[in-house]
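Below are the chains, spelled out letter by letter.
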Amino acid sequence: MQNEVARAIDAGVEERLSVLLEGIGDSFYALDREWRFTYINRTAEAYYGIPHQDMLGRVIWDVFPWSAGTELRQRYEQVFASGEPASFEAEAVSAPGHYLEFHIFPYNGGLGVSFRDWTERRRAEEEMRESQARLRALADNMPLGMVYQMTDDADHEIRRLIYMSQTCEHLTGVPAEDVRVNPGLLYELVLPKYRAQMFEKEIEAHREEKPFDLEIEMRHARTGEIRWHRIVVTPRRLANGTRVWDGTQIDITDHKRAEEHLHLLVNELNHRVKNTLATVQSLAAQSFSKTGTDADGALAKARHAFEARLFALARGHDALTRENWEGARLAEIVDQAFAPYRREQDNGNILETEGPDLRIAPSMALSLSMALHELCTNALKYGALSVAGGCICIAWSVAEDCAGNRLTMRWEERGGPPVKPPTRKGFGSRLIEGGLSRELNGSVRLAYEPAGVVCTIDVPLS
């Protein structure tokens, strides 16, 4: 009776053990002390491609005769002889080029063997190591920059430097090995006026898990020279959830000095252009005043027109000066063109505008400034600005064609006296239709509609 109970218990244990071994996900088989297969789970059967009934009871070395003399067989024999379990990776004897992770241990008087195919993971790890080696070789030879990686805890209190390129010493004067031990050595080189800003940027980036970009000045540890640095740090998550910060720090001192030099040159250019405009205005005033009699006032009108055009050019120049000649907002160019006429009319409703916030190139800004001045002058003499209640509507938009973006701009006069086409074209009309289209490589059309002059401008933005 007791033997039957014992056999029942053993059978139950074996059944539960079989369920467990079939469900572990790894390949598993068991060998007795004679090296014969006593159990093979379905995963191992599928891996070998041999039915388990063709393997059970057979000696493993007979099933895989090519294993003789291999390191893998020696590992099996060492575990069997010592009784000590072993875990290792080895090339599969049944499938050259495939690598398996083995766990071998004493089991039921023989050996238990579990394994899994890690070939793809091994290849990925090798490719990763090669990629990291290439990146490190690149990072360690950056002439004006360095690369580093850090991890931190949830409270941003413990930060660990896990990599620092060798170029750190050239960039900061501190060897990379010293920084790996104490990252605070670099913070000590940051000028005090930037430290609070840098700390706030780091806290914000940590809290919102977003990149940060910062320009600071640092003192070189060896030379004592103050140099500009740009730091760009980006977070990412590893597969295990760990947050890593990838940082790049480059020396931008030469770039900063070039910016300062360019700023000085632009200021000098602005100063000289203003002096030139003032000189031209003075020469014009003297020339017009010494031409003899002016019975019909033609010379005074000519002088006034010339000075007005000169002032229009100066206003366009001023708008560009405020933007360091990098371009200007179209809305500001339009507003500047109408500024003198608002004062004359004492009316803030003479202009209606509609269009996107658009920046235009310096050459376009000056050309449009001159063209708008001529249109305003004509409107003041003959059109909508010559009567109370008249106004100008200016609308612009951007459209895209095969050559790039184009600016379409429309000037429309409303509320003025009836308009008739002129019998001849004056300087202003020629400047608008001919000069503007030629300078901006576009088209300009003046239409003398009865309700008011309409000017349509279509030019490329590039």
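Just so it is clear, the structure is predicted and the values come from calculations on it, not from any experiment.

Enquirer: So what about the pairing of strand S17 (residues 452-460)? Which residues, and what values?
Expert: By the criterion of burial, S17 is predominantly enclosed, with 7 of the 9 residues buried. Of the pairings in the sheet, the one linking strand S15 (residues 404-414) to S17 comprises 7 bridges and is antiparallel in character. Counted as the bridge partner of Arg410 is Thr456 from S17. Here strand S16 (residues 443-449) runs beside S17; their pairing, made up of 7 bridges, is antiparallel. For Arg445, the partnering residue across the bridge sits in S17 and is Thr456. The loop that links S16 with its antiparallel partner S17 comprises 2 residues.

Enquirer: Go over the pattern of salt bridges, please, and point to the residues and values.
Expert: Enumeration over the complete set of coordinates arrives at 22 salt bridges. Arg73 serves as the salt-bridge partner of Glu77, at 3.3 Å between the closest nitrogen and oxygen. Of this pair, Glu77 and Arg73 both sit in helix H4 (residues 71-82), separated by 4 residues, roughly a single helical turn. Arg257 is paired through a salt bridge with Glu225; the nearest N and O atoms lie 3.5 Å apart. With Arg257 in helix H10 (residues 253-289) and Glu225 in the loop between strand S8 (212-219) and strand S9 (226-237), this pair connects stretches of sequence that are 32 residues apart. The structure contains a network of salt bridges with shared partners spanning Glu225, Arg227, Asp251 and Arg257.

Enquirer: Requested: an account of the packing of aromatic side chains, with residues and values cited.
Expert: Within this structure, the stated rule accounts for 20 aromatic pairs. For the ring pair Trp35 and Trp61, a centre distance of 5.2 Å and an interplane angle of 50° mean the geometry is tilted. In this pair, Trp35 is assigned in the loop between strand S1 (27-31) and strand S2 (37-40) and Trp61 in helix H3 (residues 60-63), connecting sequence segments 26 residues apart. Pair check on accessibility: Trp35 and Trp61 agree, each one buried. Seen from their ring centres, Phe105 and Tyr107 are 6.4 Å apart, and the 85° between their planes marks the pair as edge-to-face.

Enquirer: Break down H4 for me, with residues and values.
Expert: Compared with an ideal rise of 1.5 Å per residue, which puts 12 residues at 16 Å, H4 spans 16 Å between its outermost C-alpha atoms and is within 8% of the ideal. Those residues of H4 that fall on the buried side of the exposure criterion are Leu72, Tyr76 and Val79. The buried residues of H4 occupy an angular sector of 65° when the element is viewed end-on, so they sit on one face. Seen from the buried face of H4, the exposed residues on the opposite side, beyond 90 degrees, are Glu71 and Ala81. Among the structural elements, S1, H3, strand S3 (86-91), strand S4 (99-107) and strand S5 (110-117) are those in contact with the buried residues of H4. Just beyond H4, the residue with positive phi is Gly83, at close to 75°.

Enquirer: Lay out the sheet that holds strand S7 (residues 159-164) in plain terms, naming residues and giving numbers.
Expert: Taken in spatial order, the 5 strands line up as S7-S6-S10-S9-S8 in an open sheet, and their pairing is antiparallel. Looking along the sheet, the strands with just one partner apiece sit at the ends: S7 and S8. Ignoring strand direction, the axes of neighbouring strands in this sheet form an average angle of 30°. Relative to S8, helix H9 (residues 192-208) is tilted by about 155°, and along the sheet it contacts strand S6 (145-152), S7, S8, S9 and strand S10 (243-251).

Enquirer: Please set out the nonpolar core residue by residue, giving values where relevant.
Expert: Membership of the largest hydrophobic core comes to 37 residues, with the highest contact counts inside it found for Phe338, Ile394 and Trp411. Going through the elements one at a time, helix H12 (330-345), helix H13 (362-381), strand S14 (391-401), S15, helix H14 (427-440), S16 and S17 are the ones with two or more residues in this core. Per-element accounting of this core gives the leading share, 8 residues, to H13. Ignoring any residue separated from it by four or fewer positions in sequence, one finds Phe338 in contact with Ile350, Leu351, Cys376, Ile392, Ile394 and Trp411. One finds Cys168, Val190, Tyr194 and Met198 within the second-largest nonpolar core, a separate group that totals 26 residues.

Enquirer: Tell me about the side chain of His229, and please be specific about residues and values.
Expert: Residue placement: His229 occurs in strand S9. A distance of 3.2 Å separates polar atoms of two side chains, one belonging to His229 and the other to Gln249. Excluding anything up to four places from it in sequence, His229 contacts Leu171, Leu214, Glu215, Ile216, Met218, Gln249, Ile250 and Ile252.

Enquirer: Can you break down the sheet that holds S4 residue by residue, with the values?
Expert: In space, the 5 strands of this open sheet follow the order S2-S1-S5-S4-S3, with antiparallel pairing throughout. Each edge of the open sheet is held by one strand with a lone partner, namely S2 and S3. Ignoring strand direction, the axes of neighbouring strands in this sheet form an average angle of 25°. Of the pairings in the sheet, the one linking S1 to S2 comprises 3 bridges and is antiparallel in character. Residue pairing for S2: Tyr29 is matched across the bridge by Ile40. The strands touched by H4 are S1, S3, S4 and S5; relative to S4, the strand with the most contacts, the crossing angle is about 20°.

Enquirer: Explain the pairing of S9 to me, and be specific about the residues and the numbers.
Expert: Of the strand pairs in this sheet, S8 and S9 are connected by 8 bridges, and their pairing is antiparallel. Across the sheet, residue Leu214 finds its bridge partner in S9, namely Ile231. Connecting the antiparallel pair S8 and S9 is a turn made up of 6 residues, with Gly224 showing a positive phi of about 80°. Taken together, the 9 bridges between S9 and S10 define a ladder with antiparallel strand orientation. In the sheet register, Ile231 faces S10, and the bridge partner there is Gln249. With antiparallel pairing between neighbouring strands as the criterion, S9 and S10 make up a hairpin whose turn holds 5 residues, including Gly241 at a positive phi of roughly 95°.

Conventions used here
Within each chain, residue numbers correspond to sequence positions counted from 1 in written order. Note on the predicted model: pLDDT of at least 70 is required for a residue's local features to be given, and 80 or more for side-chain atom pairs to be given and counted; whole-chain, interface and lining totals, by contrast, use all residues. Remark: hydrogens and water are excluded; side-chain values derive from all non-hydrogen atoms of the structure. Per-residue accessibility, obtained with a 1.4 Å probe over protein chains only, is compared with the maximum for each type, and a residue is labelled buried under 20%, exposed over 50%, and partly exposed between these values. Helix and strand definitions follow DSSP, with helices as H or I runs of at least four residues and strands as E runs of at least two, each counted in order from the N terminus. Each pair of strands is called paired provided DSSP finds at least two bridges between the two strands. Throughout this description, the term salt bridge denotes a Lys or Arg side-chain nitrogen within 4 Å of a carboxyl oxygen of Asp or Glu. Pairing of aromatic rings covers Phe, Tyr and Trp, the last counted by its six-membered ring, and requires centre-to-centre distances within 6.5 Å; plane angles under 30 degrees mean stacked, over 60 mean edge-to-face, and any other angle means tilted. Here the expected length of a helix is defined as 1.5 Å per residue gap, with one fewer gap than residues. Here the arc refers to the directions that run from the helix axis out to each C-beta atom. In what follows, a contact means two residues having at least one pair of non-hydrogen atoms within 4.5 Å. Axes, fitted as lines to C-alpha atoms, cover a helix only where it is in contact. Angles between the N-to-C directions of the axes lie from 0 to 180 degrees. Each nonpolar core is a collection of buried residues, namely Ala, Val, Leu, Ile, Met, Phe, Trp, Tyr and Cys, held together in the definition by side-chain atoms within 4.5 Å. Contacts described as polar in this section are N or O atom pairs within 3.5 Å, which, within protein, must combine one atom able to donate a hydrogen with one able to accept it, while residues neighboring in sequence count only if both atoms come from side chains.

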